[in-house]
Amino acid sequence: RKEVEQDPGPFNVPEGATVAFNCTYSNSASQSFFWYRQDCRKEPKLLMSVYSSGNEDGRFTAQLNRASQYISLLIRDSKLSDSATYLCVVTHYNQGGKLIFGQGTELSVKP
Amino acid sequence: NAGVTQTPKFRILKIGQSMTLQCTQDMNHNYMYWYRQDPGMGLKLIYYSVGAGITDKGEVPNGYNVSRSTTEDFPLRLELAAPSQTSVYFCASSSSGAYNEQFFGPGTRLTVL
């Protein structure tokens, strides 16, 4: 079983739609959680960190459920520019800060 | 600030050849990482370093070597290239490990034929 698993995708949605991505992690010792965004053939870039109380950044909302070992990302009012692959990432404090990546969920927003 | 830079951008190697992928960061970060990304997959950690002179293996270190003689540079060495090493290689750095954002370089696309 992979340590971090995401919805396989791809997600094809119209502009203005709301879309949600799910992610589960298997290691209960996981301590930090992030969503990274990766555009086609480019490097990953941090979208947002995920905090236990949940957090919001504009149209993006991230949630964490430690009991269920589940992370989510909600995108409201999708834009064409949101088209990318979204990577769920966890880290362990005692492992040099290395990131454990999910395989990514591809989002395509259509006009 | 250039951030994290990687060279070369593209490379084709023959089986058995060797090469070094260069990575430099100008943010004075202690932590540096090498990842590989195969098509349709997430990134996998090859090696990482928590400071000059200190390196450690990640998830997929076989066939690779690293060194960290300065804070800025973290080269990745492929000794005997194999087709299984065809991938995109990303270097990353961060200021303090798990707590902080990792900044990635633009990647090196390597093909081994």
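See above for the structure.
First, a word on what this report is: a plain description of the structure on this page. Just so you know, these numbers come straight off a predicted model, no measurement behind them. (Residues numbered from 1 in each chain as written. Chains lettered and ligands numbered in written order. Predicted model: local features only at pLDDT ≥ 70, side-chain atom pairs only at ≥ 80, totals over all residues. Heavy atoms only, no water.)

Overview of the packing of aromatic side chains
Here comes step 1: Evaluated as defined, the whole model comprises 13 aromatic pairs over all chains.
Here comes step 2: Their ring planes at 20 degrees and their centres at 6.4 Å tell us that B:Tyr33 and B:Tyr48 sit as a pair that is stacked. Taken as a pair, B:Tyr33 in strand β4 (residues 31-37) and B:Tyr48 in strand β5 (residues 43-51) lie far apart in primary sequence, 15 residues in all. For the residue pair B:Tyr33 and B:Tyr48, the accessibility class agrees, reading buried in each case.
Here comes step 3: Geometrically, the ring pair formed by B:Tyr35 and B:Phe104 is tilted, given 5.6 Å between the ring centres and 40 degrees between the ring planes. With a gap of 69 residues between them, B:Tyr35 in strand β4 and B:Phe104 in strand β10 (residues 103-104) connect regions that are remote in the sequence. Each of the two residues, B:Tyr35 as well as B:Phe104, counts as buried.
Here comes step 4: Members of the aromatic cluster, each reached through a chain of ring pairs, are A:Phe34, A:Tyr36, A:Phe101, B:Tyr33, B:Tyr35, B:Tyr48, B:Phe90 and B:Phe104. (Phe/Tyr/Trp six-rings, centres within 6.5 Å; stacked < 30°, edge-to-face > 60°. Helix = DSSP H or I, 4+ residues; strand = E, 2+ residues; numbered from the N terminus. Buried < 20%, exposed > 50% of the residue type's maximum accessible area, 1.4 Å probe, protein only.)

Digging into the layout of surface pockets
Here comes step 1: Empty space within the largest pocket amounts to approximately 620 Å³.
Here comes step 2: For the lining of the largest pocket, the elements supplying multiple residues, two or more each, are β9 (84-91) and β11 (105-110) of chain A together with β9 (87-94) and β11 (108-112) of chain B.
Here comes step 3: Grouping the amino acids of the lining of the largest pocket by side-chain chemistry returns 11 nonpolar, 12 polar and 5 charged.
Here comes step 4: When its volume is computed, the second largest pocket comes out at roughly 300 Å³.
Here comes step 5: Taken together, 16 residues make up the lining of the second largest pocket; nearest its centre are A:Ile100, A:Phe101, B:Leu43, B:Lys44 and B:Glu59.
Here comes step 6: Among the secondary structure elements, those contributing two or more residues to the lining of the second largest pocket are β10 (99-101) of chain A together with β5 of chain B. (1 Å grid on protein atoms, 1.4 Å probe; cavity = no way out; pocket = protein on both sides within 12 Å on 5 of 7 lines; lining within 4 Å. Points joined across faces, edges and corners; volume = space filled by probe spheres on them. Nonpolar A, V, L, I, M, F, W, Y, C, P; charged D, E, K, R; others polar.)

Function-wise, these values are silent; they only describe arrangement.
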